[in-house]
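Commentary on secondary and tertiary structure
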Amino acid sequence: MEHIFPRFLKSVKKRIPILTWLKTYTLGDCISDAIAGVTVGLTVIPQGIAYAAVAGLDAQYGLYSAFMGCFVYCIFGTSKVITIGPTSIMALMTQANAKLGPDYAVLLSFFSGIITLSFGILQLGFLVDFISAPVISGFTSAASVKVITGQTKALLGLTIGEKSQINLGIVDEWIDIFTYIKTIRYTDAILGIGSLVLLLSLRALNRVAWFKSSQLPSPGIQTWFNNLPSSIQNVMSKCIWFCSTSRNSLVVISCAVMAGYIDQDCIDIMKDKNQGLPVNGSCVWRLTGSIQEGLPPFHPPPFSTLSSNNETVSFGEMATEMGSAIILVPLIAILQHIAIVKAFAGGKPVEASQELIALGCSNMLGSFVRSMPTTGSFSRSAVNSNSGVRTPLGGVFTGLIIVLCLAVLIPYCAFIPKATLAAVIISALIFNLEYHVLIPMWKSKKIDLMPALTCFFVCVLYDIEMGILAGVVIQLILLLYHTARPRILVQLRKVPGSELEYLYIAPEQSIMFPAVTYVWNLINKASFHKASSAVPVVIDCTKLNQIDYTTADVFKSILEDFSSRRTDVYWLNPVPHVAHTITVLAKDRFRPIYGDLSLTQLVLKGNTTAFEDDSNTCLLNTTPQLLNGNPHFINGNPQFINGNPQILIHSPILLQSTCNNLNEALVLVNDIPHLFNVANNQNETLLEVKETKDTKDTIDTKDTKVTKDTKVIKDTKDTKDTKETKDTKVTKDTKDIITIEATDPVGASGASAHLANTSKQTSFNSTQKKEDINSNIEDRHQD
């Protein structure tokens, strides 16, 4: 029990991060969070009202959606700068369902919360990775274009009569704009365009160097600013930063005060007009109008509603009418939120699962206060970061400002001009048009333009949800195509310094089952058209990191086919799990080679001169597995080992792999006469075998018999300590027997012992021709 509680407490702190940082919270943190929270609150109020208009909901729903996420994220969130609330993308995704009624938008928020929370608990956030960057760019740009197009009518104060029925998305809306351009209200157009220019100017004001200190100021305003006292410079810099950061609130409040002073009777006129009463006078600007006062009631989301015909719509019917939005809205919310968290993480690891839990709880609990779907806001998070926020508690102050607005300031929000709200939305979304990615995408990977442009045009001309689906489907098709058609380099190469050719095949990626037919046909075609059956094949497995059973089975068939044509196939540097998978099916036909390509070329060539120097000899000594499983190389190239006998001594595993049966041993010995110093005369020989002293492990011959046509047969008995020589018999045609004592002995059964750095002496005696040959071989091969 004493170990269970600490782990439980650690798990609780991980899921409720506020328990970690709250105990170190200070008064200084509180002051910084309060300043940042109030600044963000002044930004989100006009944005919330504007985004409610984008979604087709009453203004209060934008404020309902703005405060619950602030409170919830403070408890479950991991980032100090992220603010959750209404965004233009979420408003646009909600628009289609909001047309059915506000209850659908609230229920959609509940579904979004449940699905996002499930993704966080089950760690399914990787599913969002299937929405690629080109698709995101196309969707973001299309959503911005649609929203800007929709807000153009409010910006100019147009009155649209009969709408176009072409059903081509924004094309219909622009047809309506140009058709009814004569209904423009010049007061609204002047106020809207003026507000837009002012907002863009205030945004740029904090990005230019005019009011920034510099050692080399540019002529003009910056020079004048740098000549001011430092105290005045600091005050001016803070004021400019505040005006730029809170530009939305400043413009909206200014326009609302102006409208309330000039157009005091407009609200009453709008009420009479809505009630069908006679109207006396007119409004100077089109205003937001009356907004429902007070905080929303806290109760579960509507699982049933009333239709326009006062008929009850059940929960199942509501879910059916919402369709694919139930899945797409949370996916887009997750995508947008995680992207913003990573952008403000500063290179630190992101707890994606915990962020999804925080976002899911925000949407789920938000539906209890009549909220539409929400997610992280990039613009408000940037304001929060620039305002000096220190902890997630800054969101609490933002939420309190919104609650205060709902409780007290709602009557004054009725005087906000619609043209000003349209300017706020357009000034924010105009920078979401990601046209700058087109040229880099065209220069780097033209094929990626296909999902991006498909998503964009389907979104703007048909439907947002279908546009996302179309982009994802095309991206998956391209992904599957690249999997089914992997890039494979096929070349007929020559071994440097010789006329020997070999077929070089290099897969540039993993090969899975969709690609096996393509790979088989490619290899067969290359072997028939580019090379003859006598040309060996080298398959470079350096980039072949993954295969499956189907691929291994096809490789087995390829090896069988090449074996029937007596074509040698080598596998260069396969990774262990790939080698294991192929070996299980292909067994002895799979022959791996480990080393670089130049060494493999020497293996193919059988070049002895290349290994006469010590560096290359040591390379083979330390890499005996390079030649393992390739006895034909040794059998066909006796001169290689003839010039390098230490290869056998340092790499006894080489002898084991090549002398698997008696016939191979006879071929090896018969083809290397110089190694054993065999004479050609036919006299009987009495041999003396001398054992060398000071060795840790020795190998002697047991029951060795040599017949007329046999030079040497060695039968080794495996023991842990030593092996002694018994009953050595020599027949008529035998001249010499050599006993080679190796520091790493490996017998026919494959036994091995630790290596020892000792010097060995090989000696032999002959009755007809006695000759002593002493050789000192220093063993440096280490286990």
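Starting afresh in each chain, residues are numbered from 1 along the sequence in its written order. This being a predicted model, a pLDDT of at least 70 is required before a residue's local features are given, and a value of 80 or more before pairs of side-chain atoms are given or counted; all residues contribute to the totals for chains, interfaces and linings. The basis for every side-chain value is the complete set of heavy atoms in the structure, and neither hydrogens nor water enter the calculation.

Regarding helix H6 (residues 102-122)
Quick reminder of the rule: We count a stretch as a helix when DSSP gives it H or I for four or more residues in a row; a strand needs E for two or more, and each element gets its number in order from the N terminus. Helix span, as expected, comes to 1.5 Å for every residue beyond the first. Each residue is placed in one exposure class: buried if its accessible area under a 1.4 Å probe, protein chains only, is under 20% of its type's maximum, exposed if it is over 50%, and partly exposed if it falls in between.
Relative to the 30 Å expected for 21 residues at 1.5 Å per residue, H6 spans 31 Å between its end C-alpha atoms, a close match to the ideal helical length. Within H6, 16 of the 21 residues are buried, leaving the element largely enclosed by the surrounding structure. Once H6 ends, the next one or two residues include Gln-123, with phi positive near 55°.

Things to note about the packing of aromatic side chains
Formally: Centres within 6.5 Å are what make two rings of Phe, Tyr or Trp a pair, Trp counting through its six-membered ring; a difference in plane orientation under 30 degrees is then read as stacked, over 60 as edge-to-face, and the rest as tilted.
One pass over the structure, following the stated rule, counts 13 aromatic pairs. Each ring, one from Trp-174 and one from Phe-178, has its centre 6.0 Å from the other, and the planes form 35°; the classification is tilted. Of this pair, Trp-174 and Phe-178 both sit in helix H8 (residues 170-179), separated by four residues, roughly a single helical turn. Of the residues examined, Trp-174 reaches a relative accessible area of 32% and is grouped as partly exposed.

Focus: the side chain of Ser-367
Note the following rule: Any two residues having at least one pair of non-hydrogen atoms within 4.5 Å are treated as being in contact.
Checked against the element boundaries, Ser-367 lands in the loop between helix H16 (352-366) and strand E4 (375-376). Excluding residues within four positions of it along the chain, Ser-367 makes contact with Val-106, Ser-109, Phe-110, His-299 and Pro-301.

What to know about the environment of Gln-233
Residue placement: Gln-233 occurs in helix H11 (residues 230-245). Under the relative-accessibility criterion, Gln-233 is labelled buried at 9%. With residues up to four places along the chain from it excluded, the contact list for Gln-233 reads Ser-213, Phe-225, Asn-226, Asn-227 and Leu-228.

Quick word on the pairing of strand E7 (residues 537-540)
Inclusion rule: A strand pair is defined by DSSP finding two or more bridges across the two strands. Look down the strands so they point away from you; if the path from the first strand over the helix to the second goes clockwise, the crossover is right-handed.
Burial of E7 is two-sided: the residues Val-537 and Ile-539 facing one way and the residues Val-538 and Asp-540 facing the other way are all buried. The sheet contact formed by strand E6 (residues 501-507) and E7 spans three bridges and is parallel. Considered in E7, the bridge of Tyr-504 is made with Val-538. With four bridges joining them, E7 and strand E8 (residues 569-572) adopt parallel strand pairing. Opposite Val-537, over in E8, you have Val-569 as the bridge partner. You can see the chain leave E7, run along helix H24 (residues 549-564) and come back into E8, and the turn it takes is right-handed.

Concerning the confidence of the model for the chain
Let me state the cut-off plainly: Confidence per residue, as judged by the predictor, is encoded in pLDDT with a range of 0 to 100.
Confidence in the prediction of the chain, expressed as mean pLDDT, is 75, and 74% of residues score 70 or more. Between the elements of the chain, mean pLDDT differs from a low of 33, seen in strand E10 (residues 759-760), to a high of 93, seen in H6. Within the model, the stretch residues 607-783 combines pLDDT values under 50 with 278 contacts to residues more than four positions away or in other chains.

Quick notes on the pattern of salt bridges
Our working definition: By salt bridge we mean one thing: a side-chain nitrogen of Lys or Arg within 4 Å of a carboxyl oxygen of Asp or Glu.
Taken as a whole and assessed by the stated rule, the structure comprises eight salt bridges. Notably, a salt bridge pairs Arg-487 with Glu-508, separated by 3.8 Å at the nearest N-O pair. Taken together, the positions of Arg-487 in the loop between helix H22 (464-484) and strand E5 (488-494) and Glu-508 in the loop between E6 and helix H23 (516-529) put the pair 21 residues apart, joining distant regions of the chain. For Glu-508, a relative accessible area of 36% translates into the label partly exposed. Across the pair Lys-556 and Asp-553 runs a salt bridge whose closest N-O atoms are separated by 3.7 Å. Of this pair, Lys-556 and Asp-553 both sit in helix H24, three residues apart, which is roughly one turn of the helix.

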